[in-house]
Amino acid sequence: MQGVIKVEMNMKSIATRKSVRCLMAALAGICLQSVVTGAESPLPAVQMTPAETVFALEIARPLKILEPLLAPETVQAFSASPIWARIEEGPQFQGLARAVGFLELQMGTDWQTALKKLVGGGVTLAVQSSRETILTIEAQDANSLDQFIQSLQAFIKAATQNNPALQGAEQVVHGVKMTSFGRRAAWALADNRLMIANSVELMERALELRANKGANSFGKSAAYTAARTAAGPDAAAIFFADMTTVRSNPKLQQALAKNLTPLPALLVGHLREAFKKANWLSISLDATADGIRIKAVADAPASEAPRFAVPQANDGVLPNLSVPGQLAGISLYRDLRAFYQAKDELFPERTSGLVFFENMMGIFFSGLHISEGVLAEVDPHIRLVAAVQQYDPEVGIPAIKIPAFAAVMKLRHPQEFGEVVEEAWQKAIGMASFTRGQKGLPGFLIDRSTNKDVKISVAYYRPPKDADLKALEPRFNFRPTLARTGDYVILSSADGLARQVVEAVKKEASAGAKPLPRTHTAAEIDVNALVKAAVSSREPLIQRMMIGQGRSREQASEQLDNLLTWLDCMEKASLEGLEEDGRFVMYLTMKLRAPDAKRIKSPASSGGSK
Amino acid sequence: MQSASSLLRPLAAPSKRPLTMNKNSMSEPDGAWAPFKPDSQRPWTLPLAGHLYRRAGFGARWDELENAMTSGPQAAVDGLLNPAADVASFDRLFDSYSPADSESKDTGQVLAWWLRRMLETPHPLRERMTLFWHDYFGISNIEVENARDMQHYIRTLRRHALGKFPELLSAVASEPAMLICLHAKASRKSKPALQFPETLLKQYTIGAGHFTETDLREAARAFAGRYVLQHEVKIIAEEQDTGIKQFLGRQGPFGSAEVLDILARHPATAEKIVTRLYRWFISEADTPKPELLRPLVEDFARDFDIARLVGIILRSNCFFSQVAYRRRIKSPVEFALGILRPLNATVATLPLGNALAELGQELFQPPIATGWPCGRHWLNTFTMAKRIQLAQRLLNGGAPFNTALDWNKVMRQTRSADGASHLLDLWLQNDISTASRQAVSRLKTTGGKVSRPNLADTAAFIASLPEFQCS
């Protein structure tokens, strides 16, 4: 689709598409009309939508998004990807290619430039509670829009010449010519804009607001103004939701009323409570130098949220650790004691389960109370790390490789409580070994070593006699490890990762890392590393798709390649949750790049099964 | 909806009966088991070909039916017993898929791969027989609780499914899954485990009435010293009982191998297996007279060759007669695969396994020690409604089964005027009652033009017919 394509127009084949025909027919009725009427400086499109708007998407700076997406190197890389190859094989591609070619021919430029010209002024979509919707597309200039409309004239004539009814009824509403089809569709051109609505009433109101300079419009409402301010002046796009109306949806009410299980409650319970009280939600998008940044703001006072996840004063999460082969890291600020104290409110249905949990913890922690004696000893700064494992060939390499995980916790009284934790860990390993023995399965051996200020206890399986050390069973991915250094205790699924985390913690201590103020959650994913790990685990993933989705081997392989291609577009992603101006804010930042088929190159299929 | 019992009555005669009862040939046992030789009175017909592939496999593809019509019944049976395709390569590929985790008790993935294997195998008769032996021995993961042990056990069944029974019995008796299931993980000389030898004698071989309490205890002594340790069967020498034993009228220092051999080659064992295979391949509805089975029993008892026995049954006059035709209710596995395999469809077998469990057949977990109850027990109001629902979901595509089915390709196979006719030929060889035919014709089809949603709905309707529930 690069350059100008010579097109053979099959008018009938295009004209028979009903949806395209309707749109084109409508445009025929309004083409060549006076474009600019009314006010000299056009109102923002959001000020031409009614105040009762429930959802609104305003792409105020489309070029910020389009420029990198449509850059030649991006287009070229995408065209070389397996995803594009699949799209080209699709039944509708030829029709799309012809339409785009026609557009290029008529606009006298490539489709990328044509698209930028047509939508470069902005796109706004607004949805009312009655599902009435209005779409406004603003061109970069009047000429671009005119050129586009004119280019469709011949096209439209053929579509409507036998169906005059499709040309619609015209009327002038507040100085703008509007074309309508019954009461359920209407179009108008005003101020370099093409406006399309699925309701004549909505279109009339929009034009009225335009005539009244947006008085009492959605765009001037306090809620949207606040959301726009929170999004920042440079946001390329903003999505707004009126949560008061949205929450009246019965399914959402039911979902919000349902209690979370403990782990989700710990991770996002405070955000959910804010969500329940928010008046509005805004999600904005901005393009950065090498990716995008999404900001979500909920209008609910953070001061009313459960306190276990709200940092005090200038406290906040510690920066994520960095270890070789890291896949992901999460840094949390969670006061575990405060969390457990709120358990009756957060998950009241699980009280009997919690009683069992408390009793078990009492066994592991030798009679200490779970809240006052155990959780109170854990500092709110908690970090988790996932990394690709490095295996020692002399110890053995599993056939199926599973990443290693580690939890890093700071203790308030590391000297005393560190030993309590170690004792509890040894009990847990012993219990696991005993339970395995009951099933005739091998248990763990434990090694403990002390090196300067680092104490490491490793539990591991003995490889069976005559085992193939290059293809051990999956359980050999697990070498549960407890490491203690300074104020920290590290629980890991593998000793290799535990040692790396110890080094990272020491390095951090010597550099004097400071907490990120008011930040309660910070997560990072190295998507590049994740893709590499998935590529090295192709075969199990393909087999899983074969039986889980009914794919043939070739289909599963292709589907996996497509998924990896999409993931390959993202190099890294990070998520930050913090308190800003009294509200909870989440930032999602993605570093993007053009996909490269070589990075996800699939090995030759072994063939056989259909 | 017809009752289960009504489904097992002989069906009303269609205008052209595919089978003609030759009463003379059926009254003599030898005549019953003589090879079926089509003639003008008893021609080789499409319904008979379909009947063969339903019983010996999981339904026939259209090309298989056409080939069978061309080659005749004996050649068709030969092809089922000894397929021309490269079965060894297929086995290597499927054996390499997803080896079970030695510590997981979840057999979901292993089950899913077995269903996939049944759908794609070039040797469907062997998979039928593997399923037969799985039902015969009744070993359940509810007791075993280990996916790898169950997978190993099924592979052993498959390896010997069409071999010699003594070798099969010896192999499965050394499977950890069997010993765990029958509470024989540890059999000590001072207190040998009794449940395993009891099941072996009563259920797997000679049966009640052919052994005494003494025989049972002596058999238990012979099996002493066998332990399941870390998922392997090991013999602990000091726990073995090497003394003289009196077993079934014989005397000697019998060990487990000898006892297994004696039992496997006993005439009563031959009779038990022949009777079970009669029910599996011929009829669940009728109890065969001993005289009818005697020729089979005597022949089988010569060397306990399972393939030869199955071949005799499948080639016989009895098999291709009203005694056998549609005298079985399809199990859930046969029902689902009988829809998919003829259409050459692939499907997500993970959720299919769960769906079949809801219909009463969860592979790897026979509900009782003698296997699945079968027959009329497969059908009740609930399971019939579930079958119809399963058929609709399989044929309409979409989650969770994601059935990949090219309806256009299906239609291109046939010279039939419309989709409904082709499906009736493909699945039921157009042998349905007048009432069923009228019901089908009332459906709105697009007659000649393939319209996928209509054809899928029609197919689901045909799969709900009483005739389709019968094998």
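Residues numbered from 1 in each chain as written. Chains lettered and ligands numbered in written order. Predicted model: local features only at pLDDT ≥ 70, side-chain atom pairs only at ≥ 80, totals over all residues. Heavy atoms only, no water.

## Re the overall build of chain B
Okay, so step 1: On a plain count of helices and strands, chain B comes out with 27 helices and four strands.
Okay, so step 2: A compact globule built from 471 residues should have a C-alpha radius of gyration of about 23 Å, and chain B, at 23 Å, falls within 12% of that.
Okay, so step 3: Reported as C-alpha extents along the three principal axes, the dimensions of chain B are approximately 75 × 55 × 40 Å.
Okay, so step 4: Expressed as a percentage of the 471 residues in chain B, the buried residues total 58%.
Okay, so step 5: Sequence separation of at least 24 residues holds for 76% of the intrachain contacts in chain B that already meet a minimum separation of 6.
Okay, so step 6: Put simply, chain B shows about 18800 Å² of open surface, and 50% of that area lies on carbon and sulfur atoms. (Helix = DSSP H or I, 4+ residues; strand = E, 2+ residues; numbered from the N terminus. Rg over C-alpha atoms; globule rule 2.2 N^0.38 Å. Buried < 20%, exposed > 50% of the residue type's maximum accessible area, 1.4 Å probe, protein only. Contact = heavy atoms within 4.5 Å. Areas by Shrake-Rupley, 256 points an atom, 1.4 Å probe, with all protein chains shown as cover.)

## Observations concerning the packing of aromatic side chains
For any pair of aromatic rings, geometry is given as the distance between the ring centres together with the angle between the planes.
Residues and elements named next belong to chain B.
Okay, so step 1: Inspection of every chain in the model, using the stated rule, returns 33 aromatic pairs over all chains.
Okay, so step 2: Both rings, one in Phe 94 and one in Tyr 97, keep their centres 5.3 Å apart while their planes meet at 75°; by these two values the pair is edge-to-face.
Okay, so step 3: Taking relative accessible area as the criterion, Tyr 97 reaches 2% and is therefore assigned buried.
Okay, so step 4: Within the aromatic cluster, the residues linked to one another by ring pairs are Phe 132, Trp 133, Tyr 136, Phe 137, Phe 165, Tyr 204 and Trp 280. (Phe/Tyr/Trp six-rings, centres within 6.5 Å; stacked < 30°, edge-to-face > 60°.)

## Concerning the confidence of the model for chain B
Okay, so step 1: The predicted model of chain B averages 89 in pLDDT, with 91% of residues at 70 or higher.
Okay, so step 2: With pLDDT under 50 throughout, residues 1–25 of chain B is counted as low confidence; its partners more than four residues away or in other chains account for 45 contacts. (pLDDT = per-residue confidence, 0-100.)

## Observations regarding the pattern of salt bridges
Okay, so step 1: This structure, assessed with the given rule, holds 53 salt bridges over all chains.
Okay, so step 2: For Glu 423 of chain A, the salt bridge goes to Lys 427 of chain A, with nearest N and O atoms at 3.2 Å. Residue Glu 423 of chain A and its partner Lys 427 of chain A are located together in helix H19 (residues 414–438), separated by four residues, close to a single helical turn.
Okay, so step 3: A relative accessible area of 36% places Glu 423 of chain A in the partly exposed class.
Okay, so step 4: Of the residues examined, Lys 427 of chain A reaches a relative accessible area of 29% and is grouped as partly exposed.
Okay, so step 5: Members of the salt-bridge network, linked through shared partners, are Asp 91, Asp 95, Arg 117, Arg 126, Glu 127, Arg 155 and Arg 158 of chain B. (Salt bridge = Lys/Arg side-chain N within 4 Å of Asp/Glu carboxyl O.)

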